[in-house]
Structures are given as C-alpha cells and as structure tokens.
Amino acid sequence: MPVASPHSGLTIRPSARLVPWLRSWRTGLVPYDAVVDAVVEEIDGGDDIEHVVADLPDSWHPVSLAEAPALFSRIHPDDIRLILPAPGDPRGLPVKGPFTAAALGTGEAVIAGTVGLVPEITTHVSGSGDQWQSVTWRVYECGPVKPVPPVSPGEAEAELAEALHTATGQLVALDVARWRPELGVALTQLRRSEHGMDLPPGYDQRARRLYARAGVLERVLAIADGDAPGGAVNVHEAGARDAALRPLGAACRQALTAACNSTLG
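All values derive from a computational prediction rather than experimental measurement.

Thresholds applied
Residues numbered from 1 in each chain as written. Predicted model: local features only at pLDDT ≥ 70, side-chain atom pairs only at ≥ 80, totals over all residues. Heavy atoms only, no water. Helix = DSSP H or I, 4+ residues; strand = E, 2+ residues; numbered from the N terminus. Buried < 20%, exposed > 50% of the residue type's maximum accessible area, 1.4 Å probe, protein only. Contact = heavy atoms within 4.5 Å. Expected span 1.5 Å × (residues − 1). Phe/Tyr/Trp six-rings, centres within 6.5 Å; stacked < 30°, edge-to-face > 60°. Salt bridge = Lys/Arg side-chain N within 4 Å of Asp/Glu carboxyl O. Polar contact = N/O pair within 3.5 Å; in protein donor to acceptor, adjacent residues only side chain to side chain. Core = buried A, V, L, I, M, F, W, Y, C linked by side-chain atoms within 4.5 Å. Pairing = 2+ DSSP bridges.

Q: So what about the overall build of the protein chain? Which residues, and what values?
A: In terms of helices and strands, the protein chain carries eight helices and seven strands. Evaluated residue by residue, the protein chain yields a buried proportion of 51% over its 265 residues. Contacts spanning at least 24 positions in sequence make up 69% of the contacts within the protein chain whose residues lie at least 6 apart.

So, in structure tokens, the structure goes:
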C-alpha cells in the first residue's frame, strides 16, 4: 500500500534535480538521456527511483520521464524555473488555480514554459516490509507565469551563510544535538565540499558550491526539525527550535532557487 512521503526521504528535492538538468539539455550541453539518468539516480548509493509524468496533454496514461522529452523540447532554458513556495511565501506561482494549490501543498514545483509540474513522492511498502519510492510528476496548464526578480548566487550565498551562523548558535544553545544525535553527522557533512550533489554543465562554480551546500543543509534541517525520540523535547523547546529554523529554511530555499535558476554560461 503506497503512502505519502515528504521530499526529505530523498537526497534532494526532485524539482531541484530536474530543473538544472532540463535547462542544461535545452542549452544543448547534455543529451536528454543524461537528464533522465541524473534525475532517477539516488545519489547516496540507493536504488534508482522511478519517475513518471502524469496528466500530459493528449495522453490518457502516465509515461516514464524518458518518454516525455516532447513536453520540454521547445522551451527556452530561461523559461524553465524552480519554484520553492512555503506558507505565506507563494512567490513565483500564479495567483490561484490547481497548479498553485498543488505547489503550495508540496512545497516545490517546476515552471516549464506554460505548464507547471509538481512532484508527488510515494513510499511503497511490500508485504515483506521492503520500502522503495517513486515520483509522479503532475502536469498542469498554468499559462505564462511572470518570473520573480532573480537573486544572484552571490547574494543567496551571503544570506545563507548569515542565516546558518545565526541558527547554528541558537540550535547549540538549545542543545538540539542531544535530541537528535544524527544531527552532528549531518553538520559534519555540511562542512565538506564533496557532497556528491552537483549541477550539470553550464553552471559556474559559485552556483555549484551553493547548490551542494543548500542540498545538504536541507537534510540537516529535516533532522533538526524532527520530533525527538522518546519525547525528549517539550513544547517550549520545539517552539524555540522552529523559530531558529524558520529563517534558515527560507534562506535555504532561496539558495537552491538561485543556484538552479542562475544564468548558464
């Protein structure tokens, strides 16, 4: 029986993986097969994740991502954008409509010309208890969507560094590592440069660095935001933790968006 799963079960948001590879392909720097390979591969060494595209125009059945190049083949790279909305922050989305509602519910989406795609991540559980994930990309007609004023990777990097410094001090004061011991491992990984997450050809080194850092930081946030085992965190501590993480989460979303949507060389 499939059950819904948050994006934190994957190495990085599906939309933040699809957008840069689609843009690189539309720039002529990689073949479409490379897009598919990069998106379906689980970077941490797990099994490949099945991706299908549903609700395509003039199609009654979902198709695999490998069978969907026609959906993107005439779109300019600049018209493919990552959107990471949050409650109270719907920037980059149409004012209303099914696409907007779905994107806000999931917290991520892809703008591709006049269509929007929203990933639905499902965790499947077999009778023997084995688990695996799949991603269904729902396609929505959304018409032309005016892009928000871009934030440069340099600006986003500076804001992320400041937010990380502030939040780290607050989390240390709250002793979050006592609630979540695995947080220390994630923070160690954050300090390394070889995160295994990279952008395709066409992106400069600053965008690559920002993408890798923000991708790992998302996993750190997911761990820090989790409920402590055994009820080791009380309501006051949880509220303080949430207050510390909120601006860092916003800076992280901005960093991923700035990296993925930055100008290709």
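Q: Mind laying out helix α1 (residues 14-26), listing which residues take part and the relevant values?
A: Along an α-helix, a turn takes 3.6 residues, which lines up residues three or four apart on a common side. Compared with an ideal rise of 1.5 Å per residue, which puts 13 residues at 18 Å, α1 spans 18 Å between its outermost C-alpha atoms and is within 8% of the ideal. Where burial is concerned, most of α1 is hidden: twelve out of the 13 residues are buried. Within α1, burial applies to P14, S15, A16, R17, L18, V19, P20, W21, L22, R23, S24 and W25. Residue G28 follows α1 closely and has a positive phi angle near 90°.

Q: I'd like a rundown of the packing of aromatic side chains, residues and numbers included.
A: By the definition in use, this model includes two aromatic pairs. Taking 6.0 Å as the distance between ring centres and 45° as the angle between the ring planes, the aromatic pair formed by F99 and Y140 counts as tilted. Taken together, the residues span a long stretch of sequence, with F99 in helix α3 (residues 98-106) and Y140 in strand β7 (residues 131-141) at a distance of 41 residues. Each of the two residues, F99 as well as Y140, counts as buried.

Q: Lay out the pattern of salt bridges with the relevant residues and their values.
A: Applying the stated criterion across every chain, the model contains nine salt bridges. Close ionic contact of D78 with R23 constitutes a salt bridge, the shortest N to O distance being 3.6 Å. Of this pair, D78 sits in the loop between β3 (63-64) and β4 (80-83) while R23 sits in helix α1, and the two are 55 residues apart along the sequence. Salt bridges sharing partners connect three or more residues here, namely D55, E120 and R138.

Q: Please provide a residue-by-residue account of the side chain of T123, values included.
A: Looking at the secondary structure, you find T123 in strand β6 (residues 115-125). Side-chain polar atoms of T123 contact the side chain of Q133, separated by 3.4 Å.

Q: Before we move on, can you summarise the environment of I75 with the specific residues and values?
A: Positionally, I75 belongs in the loop between β3 and β4. The spatial distance from the C-alpha of I75 to the C-alpha of R26 is 7.3 Å, given a sequence separation of 49 residues. Not counting residues up to four positions away in its chain, the partners in contact with I75 are R26, I80, A112 and G113.

Q: Hey, could you go over the environment of P69 for me, with residue numbers and the actual values?
A: Of note, P69 is situated in the loop between β3 and β4. As for P69 and V36, which are separated by 33 residues in sequence, their C-alpha atoms are 9.7 Å apart. Setting aside chain neighbours within four positions, we find P69 in contact with W25 and Y32.

Q: So what about the nonpolar core? Which residues, and what values?
A: Residues Y32, V35, V53, L117 and L160 are the most contacted members of the largest nonpolar core, which totals 58 residues. When neighbours within four sequence positions are excluded, L160 is seen to be in contact with L210, R213, A214, L217, L248, A251, C252 and A255. Of all hydrophobic cores here, the second largest spans eleven residues; its members include I83, A103, I111 and V118.

Q: I'd like a description of the pairing of β4, backed by residues and values.
A: Going residue by residue along β4, you find I80 and L82 tucked away on one face and R81 and I83 tucked away on the opposite face as well. In this structure, β4 lies alongside strand β5 (residues 109-112), joined through four bridges in antiparallel fashion. Within β5, the position partnered with I80 by the bridge is A112.

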